[in-house]
Amino acid sequence: EGVTQEPKEDTVSYDDIGVPRPSRAALLAPPYPDLQVMSKLIGAIDERLSCVPDGQQRPYSYQDLQSLAFFATLLDTGQIHTNRVASIIRAMSRCPRTDVRVWVWQDGKPVSVEAFRYFHKVLTSIINSLGEEGSPRNLRLSRRAYNTLLSYALRHHFSPAMASKVLHHMCVTRDPPIPPDIVTYNILLRAGTLLRHMSISQTTLDALRLSSSQAGL
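First, a word on what this report is: a plain description of the structure on this page. (Residues numbered from 1 in each chain as written. Predicted model: local features only at pLDDT ≥ 70, side-chain atom pairs only at ≥ 80, totals over all residues. Heavy atoms only, no water.)

## What about the nonpolar core?
Basically, it comes down to this: Here the nonpolar core consists of buried residues drawn from Ala, Val, Leu, Ile, Met, Phe, Trp, Tyr and Cys, with membership extended through side-chain atoms lying within 4.5 Å. Three labels apply to residues, based on accessible area from a 1.4 Å probe with only protein chains included: buried if under 20% of the type maximum, exposed if over 50%, partly exposed otherwise in between. To qualify as a helix, a DSSP run of H or I must reach at least 4 residues; to qualify as a strand, a run of E must reach at least 2; elements of each kind are numbered from the N terminus. Contacts are assigned to residue pairs with any non-hydrogen atoms lying within 4.5 Å of each other.
Grouped together as the largest cluster of nonpolar side chains are 53 residues, with contacts concentrated most on L65, L68, I88, I89, M92 and F119. Secondary structure elements with two or more residues in this core: α2 (35-50), α3 (62-76), α4 (86-93), β1 (101-106), α5 (115-129), α6 (143-155), α7 (160-173) and α8 (182-190). Ignoring anything within four residues of it in the chain, the contact list for I88 reads M38, I42, L68, F71, L75 and I80.

Quick look at the structure:
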């Protein structure tokens, strides 16, 4: 797969990623993890995961997948105290099939898992938990996050049922609901024949039509 091996020792400082060291007050009362650090790291990982030319060496490294696994674990266990998680969701959805293993925290202990399988397990769990009372994640997703999950449901799982659940939660269940945008419509149009099998509620259809008419689509 062209993935580099785990180095014996590797550290990253705040200076390395161009982020000021947080004050003591910020450390005592953060949104956890530090949003600036998370944004920088996930942005770099997402860029490398999105540049995977056919037949060429993959530009990402073991460290990229392990770092992403850290944030994925926090997201899966409800330990990310921010709603700005769209970048993590997108990076996970871009992880290509690979047998590289990463360390995650499960059932109170570190466990070695296949990165590809773990990321897609987390994404599927997020979709399945939408609308569930008492979900440990308790996420308030943005439009960008919903669109990423919608694309993931249709392009990776080819699942009209999963896509319908994402769309319904976005347009109806969420308080307040988020109207779809041109990105949402493009994702649905690219789904092609899968759209015929989507069980879209009348309430969701009304939200789509209203948004479409307001946008002049």
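## Some details on the side chain of H120
For clarity, the cut-off: N or O atoms closer than or at 3.5 Å make up a polar contact, with two conditions inside protein: a donor-capable atom paired with an acceptor-capable one, and, for residues adjacent in sequence, both atoms drawn from side chains.
Summarising the element assignment, H120 is placed in helix α5. According to the relative accessible area criterion, H120 is buried, its value standing at 7%. Engagement of the side chain of H120 in a polar contact is seen with the side chain of Y152, the distance being 3.0 Å. In this structure, H120 is in contact with M92, S93, C95, Y152 and H156, ignoring residues within four places of it in sequence.

## Comments concerning the environment of R97
Looking at the element boundaries, R97 is found in the loop between α4 and β1. The exposed category is assigned to R97, whose relative accessible area is 58%. Distance in space between the C-alpha atoms of R97 and F116 is 5.7 Å, their sequence separation being 19 residues.

## Topic: the packing of aromatic side chains
This is how the line gets drawn: Aromatic rings from Phe, Tyr and Trp, with only the six-membered ring used for Trp, were paired whenever their centres fell within 6.5 Å, and each pair was classed as stacked if the ring planes differed by under 30 degrees, edge-to-face if by over 60, and tilted otherwise.
According to the stated counting rule, one finds two aromatic pairs in the structure shown. Plain terms: the ring middles of F70 and F71 are 5.2 Å apart, the flat faces sit at 70° to each other, and that makes the pair edge-to-face. Among the residues examined, F71 registers a relative accessible area of 4% and is labelled buried. A centroid spacing of 6.2 Å and a plane angle of 55° characterise the contact between Y118 and F119, whose relative ring orientation is tilted. Grouping residues by exposure puts Y118 and F119 together as buried.

## Here we look at α2
Keep this limit in mind: Here the expected length of a helix is defined as 1.5 Å per residue gap, with one fewer gap than residues. Within this analysis, the arc is defined by the directions that extend from the helix axis to the C-beta atoms.
Along its 16 residues, α2 runs 22 Å from first to last C-alpha, staying within 8% of the 22 Å computed at 1.5 Å per residue. Buried within α2 are the following residues: L35, V37, M38, I42, I45, D46 and L49. The buried side chains of α2 occupy one side of the element, clustering within an arc of 150° when seen end-on. Contacts from the buried residues of α2 go to α3 and α4.

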